[in-house]
Amino acid sequence: MSGGIFYRILVIVGFVSLFHSAYSAAQHRSYLRLNELDFLGLPLDISIQAIFSLYLIVYGVLQVSGKFKEIKASAELDNKSWGTFRNIPSFYTFSHRGKAFSQFYQPPTTKSHLEEVE
Amino acid sequence: MGAVSDDVDTLRLWRENNERKSREILEKWRETLGKNVDKLGNEVHVILEQVCLAALDCFQIDLAHICISRLYKEFPDSLRVKKLEAMCYETNENYEGALKILNEIIKTDPTNSSARKRKVAVFKAQNKIIEAIKELVEYLKIYMADAEAWQELSELYLNEHDYNKASFCMEELILHNPHNHLLHQRLADVRYTQGGFENMELARAYYCQALKLNPTNLRALYGLQMVTSSLAVSSRSTPQKKKDNAHLAQWACGEIKKLYTEKK
């Protein structure tokens, strides 16, 4: 976990540095206002500090957040079995033993009927 | 009210997952849904259809008729309801009657694919597998993108022990859906059943792909174990291949053991 703490400190340093650059930008504006100068853009060092600290935060957060999971295209299929997958409602047939369990079904048990089938 | 919406949710889940569960559906219908048909909201018709199918599955013809007449009241000209009626005939083993209705449906709406599929099922129910295959092949000439039909055709070919054609259908399905581990596993099963050195090698490749897509597919693990252990002693394997296969078989064995200890 020593690595984790290191990256956490990195993120904190990044944030502090980002706030510092924001503060410097505000200071710069007030300095301009006091001296009645026109605003031509931020000094280069403040911009560089802001961008650098942004990248520092991004890198630190990526390391702190832990290992990334693979994106799986078929995650919802993982718990399916072939038994349910091969069951297709459009091709159901009803000539199966389910009938025999019904109270409405009269099984053809007479001998003449069996001979008819033959 | 809570029980009703719970049951509606369960039924929807079963419908979406293609689970048959006919007896459970009927139980739910008897306990809660049947008494609260008016409270089912906008899913009422789909549920009636589902219950009707379940009733036919359990040979409860009168319940099926109740569902159908309710649906007819709402949609007097619906071909979908007419198809259910044809299925009623099928359950009563009146296959000529069923075929007549299905042909009528196709006549009024030549693009009705589900009626054509039912025709295949009618032949299948009579155990006329050859006719069913012919009908389904005709169907697939029109609707080539219908994955369900390809899957059914593959099953029918397996019934006829025509493994080459069955594996062709499975390959077609894999093209439709390359991320489905079950299809890879199935094709490997077919190849393994066919036997022979080349087919075994193919089976091994497909089992491996299935496991890559889903490492917990136990059936693929078993298959891989069996394929590799028979390839490891095959006379046509080079010594290097034998070694690799034995290694793979051992790995599969270890994975199976791991899965079972996790399950315990």
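Cut-off values and rules
- Residues numbered from 1 in each chain as written.
- Chains lettered and ligands numbered in written order.
- Predicted model: local features only at pLDDT ≥ 70, side-chain atom pairs only at ≥ 80, totals over all residues.
- Heavy atoms only, no water.
- UniProt positions renumbered as here; feature names shortened; annotations may be inferred.
- Helix = DSSP H or I, 4+ residues; strand = E, 2+ residues; numbered from the N terminus.
- Core = buried A, V, L, I, M, F, W, Y, C linked by side-chain atoms within 4.5 Å.
- Buried < 20%, exposed > 50% of the residue type's maximum accessible area, 1.4 Å probe, protein only.
- Contact = heavy atoms within 4.5 Å.
- Patch = residues over 30% accessible without salt bridge, like charges linked within 9 Å, V, L, I, M, F, W, Y side chains within 5 Å.
- Areas by Shrake-Rupley, 256 points an atom, 1.4 Å probe, with all protein chains shown as cover.
- Salt bridge = Lys/Arg side-chain N within 4 Å of Asp/Glu carboxyl O.
- Expected span 1.5 Å × (residues − 1).

The name an unreviewed UniProt entry assigns to chain B is ER membrane protein complex subunit 2, from the organism Cryptolaemus montrouzieri. On record in UniProt, under Function (unreviewed entry), the comment for chain B is "Part of the endoplasmic reticulum membrane protein complex (EMC) that enables the energy-independent insertion into endoplasmic reticulum membranes of newly synthesized membrane proteins." Taken verbatim from the UniProt record of chain B, the Sequence similarities (unreviewed entry) comment is "Belongs to the EMC2 family."

Naming follows an unreviewed UniProt entry, where chain A appears as Membrane magnesium transporter of Cryptolaemus montrouzieri. Among the UniProt annotations of chain A, the heading Sequence similarities (unreviewed entry) holds the following wording: "Belongs to the membrane magnesium transporter (TC 1.A.67) family." Of the comments in the UniProt record for chain A, the one headed Function (unreviewed entry) reads "Part of the endoplasmic reticulum membrane protein complex (EMC) that enables the energy-independent insertion into endoplasmic reticulum membranes of newly synthesized membrane proteins. May be involved in Mg(2+) transport."

Bringing the UniProt feature "repeat: TPR" (unreviewed entry) in chain B into the picture now. Under the UniProt annotation, "repeat: TPR" (unreviewed entry) lies at residues 147-180 of chain B. The annotated region residues 147-180 of chain B carries 79% helix and 0% strand content, and the separation between its end C-alpha atoms amounts to 12 Å.

The next point concerns the nonpolar core. Residue and element names in this part refer to chain B. Within the largest apolar cluster, 31 residues are counted, with the highest numbers of intra-cluster contacts made by Leu 26, Trp 29, Leu 33, Leu 40, Val 51 and Leu 63. Counting residues per element, the ones that place at least two in this core are α1 (2-16), α2 (22-31), α3 (44-57), α4 (61-74) and α5 (79-91). Among the elements that take part in this core, α3 stands out by supplying 9 residues, more than any other. Every residue in contact with Val 51, bar those within four places of it in the chain, is listed here: Ile 25, Leu 26, Trp 29, Leu 63 and Cys 67.

Residues and elements named next belong to chain A. A cluster of nonpolar side chains, Leu 54, Val 58, Leu 62 and Phe 68, forms an exposed patch at the surface whose accessible area comes to about 400 Å². Within the secondary structure layout, Phe 68 lies in the loop between α2 (44-64) and α3 (82-85). Overall, the relative accessible area of 64% leaves Phe 68 in the exposed class.

With that settled, consider helix α7 (residues 113-125) of chain B. All names here are of chain B. For α7, spanning 13 residues, the distance from its first C-alpha to its last is 19 Å, which sits close to the expected 18 Å at 1.5 Å a residue. Counting buried positions along α7 gives 10 out of 13 residues, so the element sits mostly inside the fold. Restricting attention to buried positions, one finds in α7 the residues Ala 115, Arg 116, Lys 117, Arg 118, Lys 119, Val 120, Ala 121, Val 122, Phe 123 and Ala 125. Positive phi appears at Asn 127, one or two residues downstream of α7, with a value of about 65°.

Moving on: the UniProt feature "domain: EMC2 TPR-like" (unreviewed entry) in chain B. Following the UniProt record, one finds the feature "domain: EMC2 TPR-like" (unreviewed entry) at residues 82-190 of chain B. With 81% helix and 0% strand, the stretch residues 82-190 of chain B has end C-alpha atoms that lie 37 Å from each other.

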